[in-house]
Structures are given as structure tokens and as C-alpha cells.
Amino acid sequence: REKLVRDEISRLEGAKAEGEQIGIEKEKRSTARKLIAMGLSISDIAKATGLDEEATLKLKKLLYIVKFSYYACCLFLSQSFISLFQRLFIP
């Protein structure tokens, strides 16, 4: 019975450490996103966050893709709205 308790404590401690590491990595990426938005260089961001340059560059590319997709959707919706408005209100 004591062995089961020790094993469970060990398992929980391992899970806690893993969760803390995941939180640290999330915070690094969050900080990197903010620094990318500020226009810092990839190497400076990597140094400041502890992420490697490759991971930082991938994050930057992903952010640009998301930003582009957002603007593309806005443009499509605005064009669709204008077209609908013209059909409804302009003879």
C-alpha cells in the first residue's frame, strides 16, 4: 500500500513538473508574439525569450498567415456587403 502511495505521489509530481514546463513554453511564445508585433529581429526575440531562431521564425510566419487570412476575410466580406448594398438600394 505504501508503494502505491509513493508511486501516485511520484506520478503527480511528474505531471506537475510537465504542466509547469508547458506553461513556461506558452509564456515564451506569448512574449515572442508581442516582440514580433513590436518589430524586433528574429535573433533578438530568440535571445530574449530563450526560443531558438527556427521556432521564432515559424511563429512569425504563422502570425503573418493569420493576419493575412483575417484581412482577406474582411476584404471579402466588405466586398460582399457592398455588392449586396448596391443590389438592394441602387437602381
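Within every chain, residues take consecutive numbers counted from 1 along the sequence as written. Selection of residues for local features in this predicted model requires a pLDDT of at least 70, selection of side-chain atom pairs for listing and counting requires 80 or more, and totals for whole chains, interfaces and linings are taken over all residues. Neither water nor hydrogens contribute to the side-chain values; these are computed over all heavy atoms in the structure.

Quick notes on the pattern of salt bridges
Here a salt bridge means any side-chain nitrogen of Lys or Arg lying within 4 Å of a carboxyl oxygen belonging to Asp or Glu. The full count for this structure, using the stated rule, is five salt bridges. Taking the shortest distance from any N to any O, the salt bridge between Glu8 and Arg11 comes out at 2.7 Å. A residue pair is termed a helical-turn pair when its members lie 3 or 4 positions apart in one helix, as Glu8 and Arg11 do in helix 1 (residues 2-37) at three residues. Each residue's exposure class comes from its accessible area (1.4 Å probe, protein chains only) as a fraction of the maximum for that residue type: buried when under 20%, exposed when over 50%, partly exposed otherwise. The partly exposed category is assigned to Glu8, whose relative accessible area is 35%. One salt bridge in this structure joins Glu54 and Lys58, with 3.5 Å as the shortest N-O distance. Helix numbers and strand numbers start at the N terminus; a helix is a DSSP run of H or I with at least 4 residues, a strand a run of E with at least 2.

Describing the nonpolar core
Nonpolar side chains in soluble globular proteins generally cluster together in the buried interior. Put simply, buried Ala, Val, Leu, Ile, Met, Phe, Trp, Tyr and Cys residues joined by side-chain atoms within 4.5 Å make one nonpolar core. Counting residues in hydrophobic clusters, the biggest one holds six residues: Ala32, Leu35, Ile36, Ile45, Leu51 and Leu59. Ranked by the residues each element gives to this core, the list is headed by helix 1, at three residues. Throughout, a residue-residue contact means that at least one pair of heavy atoms, one from each residue, lies within 4.5 Å. Apart from residues no more than four positions distant in its own chain, Leu35 is found in contact with Leu40, Ile45, Ala48 and Thr49.

Remember, this is a structural readout, not a statement about activity or role.
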